[in-house]
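Each chain is listed here by its residues.
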Amino acid sequence: MIFVDDRPDDIMEILDSLIMVSDERIECHERMSKWFRRIIKGARRQSGKHNSLADLDERLFAVIGREIDLRVEVSSELRAMRAEVNPEARGGPTFDQPGDLARYLLN
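Residues numbered from 1 in each chain as written. Predicted model: local features only at pLDDT ≥ 70, side-chain atom pairs only at ≥ 80, totals over all residues. Heavy atoms only, no water.

### Comments concerning the nonpolar core
Phase 1: I11, M12, L15, I19, L78 and V85 together form the largest nonpolar core, which totals 6 residues.
Phase 2: Within the residue set of this core, elements represented by two or more residues are α1 (8–47) and α2 (51–85).
Phase 3: When near neighbours in sequence (up to four residues on either side) are disregarded, L78 contacts L15, L18, I19 and S22.
Phase 4: Grouped together as the second largest cluster of nonpolar side chains are 5 residues, I26, I40, F61 and I64 included. (Core = buried A, V, L, I, M, F, W, Y, C linked by side-chain atoms within 4.5 Å. Buried < 20%, exposed > 50% of the residue type's maximum accessible area, 1.4 Å probe, protein only. Helix = DSSP H or I, 4+ residues; strand = E, 2+ residues; numbered from the N terminus. Contact = heavy atoms within 4.5 Å.)

What follows is the structure, encoded as structure tokens:
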């Protein structure tokens, strides 16, 4: 991505805000998913595990799962843009050897 603006600090501020909002929405959707699961589980118990609730359950969580996946992807793209504007914003350790990375991830 190429930025035409000559004010990287402004761009960083915008990207940081977008990342924060994106992460908040991911958390919100995850909480909503847990809440729906509890509600549907209780409704299924009361209805004797009616098949229409099972179908609703599967469809609803497929949609919520896709929404969360898309939001995670957007958040990752925003972070990549931020790192492109300011390499110092990348953070985290770097590894020269794949084995070092694997050991870090497994810890």
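### Focus: the packing of aromatic side chains
Phase 1: Within this structure, the stated rule accounts for 1 aromatic pair.
Phase 2: Aromatic side chains W35 and F36 sit 5.2 Å apart centroid to centroid with 45° between the ring planes, which places their arrangement in the tilted category.
Phase 3: Above the ring of F61, the side-chain terminus of R37 is found at 4.0 Å from the ring centroid. (Phe/Tyr/Trp six-rings, centres within 6.5 Å; stacked < 30°, edge-to-face > 60°. Lys NZ or Arg CZ within 6 Å of the ring centre and 35° of its normal.)

### Focus: the pattern of salt bridges
Phase 1: The tally for this structure, following the rule as stated, stands at 3 salt bridges.
Phase 2: A salt bridge links D23 to R79; the nearest nitrogen and oxygen atoms lie 2.6 Å apart. Separated by 56 residues along the polypeptide, D23 in helix α1 and R79 in helix α2 bring together distant segments of the chain.
Phase 3: Classification of R79 by relative accessible area gives partly exposed; the value is 35%.
Phase 4: The partner of E67 in a salt bridge is R71, and the shortest N-O contact between them spans 2.8 Å. (Salt bridge = Lys/Arg side-chain N within 4 Å of Asp/Glu carboxyl O.)

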